[in-house]
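Examining the three-dimensional arrangement
Take a look at the letters that make up each chain.
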Amino acid sequence: MIAKDFGFVLKRMNFRETSLIVTVFTKRFGKINGILKGFYTLKKEFSSSMDIFTYNEFVFYPKRSTLWLISFADLIKDFPFLRKNLGKNSVACKFIEIVDKTLPLWDKNPLVFSLLKNSLSSLTHYRLTKLLCIFFTKFLTFCGFKPEFTKCIKCHKKLSLGFSFSISCGGLLCETCRAFYPDVFPISSSVVAIISYIQNTDFPLVLRIEPSSNDEEEILNILNGFLTHHLNFNLFSNLYLQ
Ligand SMILES: [Zn+2]
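Model, not experiment: these values are computed from the prediction. (Residues numbered from 1 in each chain as written. Predicted model: local features only at pLDDT ≥ 70, side-chain atom pairs only at ≥ 80, totals over all residues. Heavy atoms only, no water.)

**Here's the deal with empty space enclosed by the protein**
Counted under the stated rule, the structure contains one cavity of 30 Å³ or more. Taken as a whole, the largest cavity encloses approximately 40 Å³ of empty space. Top contributing element to the lining of the largest cavity by residue count: helix α5 (residues 213–231), with three residues. Residue composition of the lining of the largest cavity, by class: six nonpolar, one polar and no charged. (1 Å grid on protein atoms, 1.4 Å probe; cavity = no way out; pocket = protein on both sides within 12 Å on 5 of 7 lines; lining within 4 Å. Points joined across faces, edges and corners; volume = space filled by probe spheres on them. Helix = DSSP H or I, 4+ residues; strand = E, 2+ residues; numbered from the N terminus. Nonpolar A, V, L, I, M, F, W, Y, C, P; charged D, E, K, R; others polar.)

**Re the sheet that holds strand β5 (residues 67–77)**
Spatially, β1-β2-β3-β5-β4 is the arrangement adopted by the five strands of the closed barrel, whose pairing is mixed. Strand after strand, the sheet turns through a mean of 50° between neighbouring axes, direction not considered. Inspection of the sheet shows strand β1 (residues 3–15) paired to strand β2 (residues 19–26) by eight bridges, in the antiparallel sense. Within β2, the position partnered with V9 by the bridge is V24. Relative to the sheet, helix α2 (residues 110–122) contacts β1, β2, β4 (55–61) and β5, its axis offset from that of β1 by approximately 65°. (Pairing = 2+ DSSP bridges. Axes fitted to C-alpha atoms, helices over the stretch in contact; angles between N-to-C directions. Contact = heavy atoms within 4.5 Å.)

Next comes the structure, spelled out in structure tokens:
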């Protein structure tokens, strides 16, 4: 079988003198590992630089083994500003890192694919902390780890005041259930409202949200706790926010 698809370069490694091995997140095949034989011989089939973050059109040969042959790579979109700005680069690296570390091979996820595309494009104009809040809240939602922010995650009671969150439970707890979990901490009602808005609003409308810096800090701490506990992923490592 031969296939054509679009994808982002997540990782690259030179192989022998002339070839390149890459991990690419594609639209229809999910994450794939591929080899571009003769990449450094300036073959006309490889017009893309295959730099990390680049968005390309590929032709490849899906098979059962984990390394697929990529016979064509054409650059569709580059993000040159990511190479010039340390803060934007570090945020884009976190987007790429979680896709690479947590999505299994060949597990297509079109929602995460458009999330990555929209988020990388938005790095030109929008505040980095806001984009981190949006990306990681949506990423968790699209990967089945959706933190529960509408009702008590244990007894499903509707909640209106005095919100408490548990990282290990993955959501809000009511006043009865919170007594049974040691890792419960209070969160503000504005943060609950912002996270619910992000979970339920698509791009580009979601970019209109303007959380205060205190709210963003609280959201990022909750997300980091959640990501560390459930996915062994540290949101703040190698992150340079100016
Ligand atoms: Zn409850």
